[in-house]
Each structure stands twice: as C-alpha cells, then as structure tokens.
Amino acid sequence: MKQDVIVRAWEQFVAGQGIPAAVRPPIAASWRRCRSRGLSPHERPAVEKLAGQELEEHCRQARPIARIGRPFMEKISRYTVPNSLVFLADAGGYLVMVV
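(A) View of the overall build of the protein. Scanning the protein from N- to C-terminus turns up three helices and two strands. In the protein, the order of α-helices and β-strands from amino to carboxyl end is α-α-α-β-β. For the protein, whose C-alpha radius of gyration is 18 Å, the value lies well above the compact-globule estimate of 13 Å for 99 residues. Along the three orthogonal principal directions, the C-alpha set of the protein runs to about 45 × 30 × 20 Å. Excluding contacts between residues fewer than 6 apart, the proportion of contacts in the protein whose partners are at least 24 apart in sequence is 29%. Carbon and sulfur atoms provide 56% of the accessible area of the protein, an area that totals close to 8200 Å². Between the averaged position of the 15 positive side-chain charges in the protein and that of its 9 negative side-chain charges there is a distance of 10 Å.

(B) Unusual backbone geometry, seen in detail. Although it is not a glycine, N83 adopts a positive phi angle of roughly 65°. Take N83: it is sitting in the loop between α3 (52-77) and β1 (87-89). On the basis of relative accessibility, which here comes to 84%, the residue N83 falls in the exposed class.

(C) Structural view of helix α2 (residues 25-36). With twelve residues, α2 should cover 16 Å at 1.5 Å per step; its first-to-last C-alpha distance of 16 Å lies within 8% of that length. At the C-terminal side of α2, G38 shows a positive phi close to 80°.

(D) Structural view of the environment of R32. Within the secondary structure, R32 sits in helix α2. For the pair R32 and P45, spaced 13 residues apart in sequence, the C-alpha separation works out to 16 Å. The residues contacting R32, other than those within four sequence positions of it, are F13 and I19.

What counts as what
Residues numbered from 1 in each chain as written. Predicted model: local features only at pLDDT ≥ 70, side-chain atom pairs only at ≥ 80, totals over all residues. Heavy atoms only, no water. Helix = DSSP H or I, 4+ residues; strand = E, 2+ residues; numbered from the N terminus. Rg over C-alpha atoms; globule rule 2.2 N^0.38 Å. Contact = heavy atoms within 4.5 Å. Areas by Shrake-Rupley, 256 points an atom, 1.4 Å probe, with all protein chains shown as cover. Lys, Arg positive; Asp, Glu negative; His and termini not counted. Charge placed at Lys NZ, Arg CZ, Asp CG, Glu CD. Buried < 20%, exposed > 50% of the residue type's maximum accessible area, 1.4 Å probe, protein only. Expected span 1.5 Å × (residues − 1).

Pasting the structure below:
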C-alpha cells in the first residue's frame, strides 16, 4: 500500500468513516486499539520521567530484567536495519534498555 493511500485511509478513520479494506489487519487493529484507549491521533501521549530516588529505585528493580534481556537484545539488534534501535521496557512501559 502506498504512503498516500495509507494517509488517506488514516484520515478517513480519524474522521469516523471506518477503515478501508485495503488497510492490513495488524494496522487496522493498532488504530482501533489506540482509539479504544483514548489516545488522540493529534497529540503526543504524556511521558512520565523518573528522577532522583524514584529513578534509582526503578533502576535497581529493573537490573534483573536488563541482565536477562541484554543477550537477546544484542542478538535482535544484529537483524535490524542500520541505525535502528531495539527497546526493552518493563511491564509499566518504562524503558529498561536501548541497544
């Protein structure tokens, strides 16, 4: 599907006109999930930044995840296109590692 067709389909969806059949099912499902969770297509979601003692505690709790995840993250990063990043997040959505 060409970029301009995708953009028109997205605009149609945002306007409440449904999703054209040409949109791949995983993309359509993603659009629906975002809408069902109240995400605005015109705004960036708020990002919570940790600092100080809260950040230190979170890093301490995330160490086991990072230790176990590092080898997998490095292996995955070998299969990505150049200049790509691989992210590991915890159950709360906080970034634990970027490779």
